[in-house]
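Here are the chains, one letter per residue:
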Amino acid sequence: MAAASSSDSDSGRAESNEASSKWLDAHYDPVANIHTFSACLVLADLHGDGEHKLVVGDLGPGGQQPRLKVLKGPRVLTESPLPALPAAAATFLMEQHEPQAPALALASGPCVYVYKNLRPYFKFSLPQLPPNPLEQDVWHQAKEDRIDPLTLKEMLEGIREKAEVPLSVQSLRFLQLELSEMEAFVNQHKSKSIKRQTVITTMTTLKKNLADEDAVSCLVLGSENKELLVLDPEAFTILAKMSLPSVPVFLEASGQFDVEFRLAAACRNGNIYILRRDSKHPKYCIELSAQPVGLVRVHKVLVVGSTEDSLHGFTHKGKKLWTVQMPAAILTMNLLEQRSRGLQAVMAGLANGEVRIYRDKALLNVIRAPDAVTSLCFGRYGREENTLIMTTRGGGLIIKILKRTAVFVEGGGEVGPPPAQATKLNVPRKTRLYVDQTLREREAATAMHRAFQTDLYLLRLRTARAYVQALESSLSPMSVTAREPLKLHAVVQGLGPTFKLTLHLQNPSTARPALGLLICFLYDEALYALPRAFFKVPLLVPGLSYPLETFVESLGNKGVSDIIKVLVLREGQSAPLLSAHINMPVSEGLAAA
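Residues numbered from 1 in each chain as written. Predicted model: local features only at pLDDT ≥ 70, side-chain atom pairs only at ≥ 80, totals over all residues. Heavy atoms only, no water.

- Within an unreviewed UniProt entry, the label attached to the protein chain reads Bardet-Biedl syndrome 1, and the organism entered is Propithecus coquereli.

Printed below as a string of structure tokens:
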């Protein structure tokens with residue numbers, strides 16, 4: 001009976017959770033073998049028949065080839081291989097002719113592959129970059145057999161370390177080869193011309209001249225050579241080129257290209273740059289305290305997720321509006337737009353398996369997934385308007401449908417100021433002593449300030465004198481002389497009566513080894529005994545820390561401890577180079593006895 005009642009209560013609790021949830025569980029496949037991120041998930045009506053499908057740029061983990069997958073419902077409709085890892089996917093209208101079927105753009109490597117009706121339509125390649133002239137000259141010498149492969153490798157490594165222009169893919173592959181494979185590689189590639197090609201890191205769409213939902217859009221590409229490119233949707237020519245101080249990784253666009261637009265680019269240097277029309281360089285810069293992990297535009301607010309497990313809201317001019325701390329690391333972000341209710345919110349997938357939905361800094365909903373969510377996408381899927389697509393770290397696929405009666409209400413108990421902040425403090429009344437002290441400070445302000453300044457100058461003087469005395473007598477654990485740069489660090493281990501004393505001696509010099517050093521211990525012989533109180537130090541190689549170990553035996557039986565002084569000396573000199581005072585712990589073995 002007890003077991004039956006327990007099972008009934010568990011099933012009742014699950015039914016109540018399902019009833020109170022705003023989402024319907026449409027599909028869950030833990031072994032769907034889909035590994036991607038939010039930039040490579042797109043929901044679109046690819047055939048113009050009103051049936052929206054899911055486009056996935058699969059990374060193909062475990063040595064598998066990257067693939068382009070199109071899903072209809074829970075099953076894979078089509079699947080085709082990709083030549084390189086996908087960077088982003090987007091759908092856009094190329095023209096206004098009927099029927100209006102959007103084109104699919106997939107950025108992979110240095111190319112953008114455009115599909116119409118799921119058939120290859122156009123391939124746009126980024127323009128080639130000028131190669132390094134030194135690299136060209138080296139390969140030309142190899143072509144004429146004036147240098148051998150080993151010399152070629154040494155010269156290319158020198159160019160890679162010093163030159164500002166990066167090496168080509170051909171040279172980078174050559175540097176990774178073993179010695180036995182170099183000659184065959186050189187014979188195969190020495191007659192080929194050096195080509196340096198950049199790759200696409202991020203992609204988004206920008207309306208061309210109308211703000212309508214079914215208006216023609218341009219593609220905006222971010223590349224590895226710190227540039228943003230705006231492409232014409234019909235001829236796929238470069239309409240605009242903008243430069244950035246760093247490599248863009250996330251892009252958000254608003255406005256129309258022919259009228260006025262803003263581009264927000266989150267870059268690898270931890271900054272977000274805002275660019276406007278007719279500006280070749282960023283107009284505003286938002287400096288973050290940590291690396292960005294996601295960028296979403298909600299109305300006129302830029303929501304940024306950082307590696308500090310927090311969401312930040314900024315205006316387009318860089319003013320911070322709010323910050324919300326997350327309970328776990330943010331793995332992915334995307335926009336949730338419910339057009340029927342005019343709602344725009346940001347979704348954040350966390351490392352603890354939660355998906356949190358925020359409008360500004362107000363928590364609207366929390367979804368708990370069976371595994372950490374790595375990509376998110378919200379929109380129309382099939383015939384359902386509000387569908388949430390999630391993929392997990394293990395390759396699972398989760399599809400949830402928002403209930404038509406669901407209304408997001410701000411709440412959650414962990415946003416905004418705490419309730420205690422609104423409680424008025426019981427401030428005590430001003431006492432007579434407080435009033436008298438205030439009058440005294442007002443009348444004798446000048447004398448009190450002079451006395452404070454005098455004490456401050458005396459403190460600084462005594463500190464400087466003590467510092468000079470410590471330097472002259474080598475009382476510090478670090479040598480300050482340029483000829484003998486040494487560092488000393490001591491560690492005491494054990495409970496007693498025998499302790500292990502380890503001295504970490506380091507030579508921080510860049511190229512000069514340390515020779516002829518001695519270590520001497522000064523201690524109370526009535527309290528401690530050391531097997532060696534004076535010994536030589538081996539040669540100290542620059543940059544390495546040498547552990548020197550010895551044992552200290554406590555002789556006292558009254559639970560008394562003392563200081564052991566460690567001196568580092570140079571042969572033939574009486575003044576120590578540096579010293580350290582070790583506060584020995586009380587021997588617990590003797591104390592217990």
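### A few points about the overall build of the protein chain
For step 1, the next point in the chain: In terms of regular secondary structure, the protein chain is built from eight helices and 36 strands.
For step 2, the next point in the chain: Expected size for 593 residues packed as a compact globule is a radius of gyration near 25 Å; at 34 Å, the protein chain overshoots this value by more than 25%.
For step 3, the next point in the chain: For the protein chain, the spread of C-alpha atoms along the three principal axes comes to 100 × 90 × 75 Å. (Helix = DSSP H or I, 4+ residues; strand = E, 2+ residues; numbered from the N terminus. Rg over C-alpha atoms; globule rule 2.2 N^0.38 Å.)

### Considerations on the pairing of strand β24 (residues 354–359)
For step 1, the next point in the chain: Most of β24 sits inside the fold, with five of its six residues counted as buried.
For step 2, the next point in the chain: As judged from the four bridges shared by strand β23 (residues 343–350) and β24, these two strands associate in the antiparallel manner. From the neighbouring strand, Gly349 faces β24, where its bridge partner is Val355.
For step 3, the next point in the chain: The loop that links β23 with its antiparallel partner β24 comprises three residues; one of these, Gly353, has a positive phi angle of about 90°.
For step 4, the next point in the chain: The loop that links β24 with its antiparallel partner strand β25 (residues 362–368) comprises two residues; one of these, Asp360, has a positive phi angle of about 55°. (Buried < 20%, exposed > 50% of the residue type's maximum accessible area, 1.4 Å probe, protein only. Pairing = 2+ DSSP bridges.)

### Some details on the sheet that holds strand β34 (residues 545–554)
For step 1, the next point in the chain: The strand order across the open sheet built from four strands is β29-β30-β34-β32, with neighbouring strands paired in antiparallel fashion. Edge positions in the sheet fall to β29 (487–493) and β32 (528–529), since each of these pairs with one other strand and no more.
For step 2, the next point in the chain: Two strands pair when backbone bridges link them, and β32 and β34 are joined in this way by two bridges, in the antiparallel orientation. Within the sheet, the bridge partner assigned to Ala529 lies in β34 and is Glu553.

### Looking at the confidence of the model for the protein chain
For step 1, the next point in the chain: Residues of the protein chain with pLDDT of at least 70 account for 91%, and the chain-wide mean is 82.
For step 2, the next point in the chain: Of the regions scoring below 50 in pLDDT, residues 1–16 engages in zero contacts with residues more than four places distant in sequence or in other chains. (pLDDT = per-residue confidence, 0-100. Contact = heavy atoms within 4.5 Å.)

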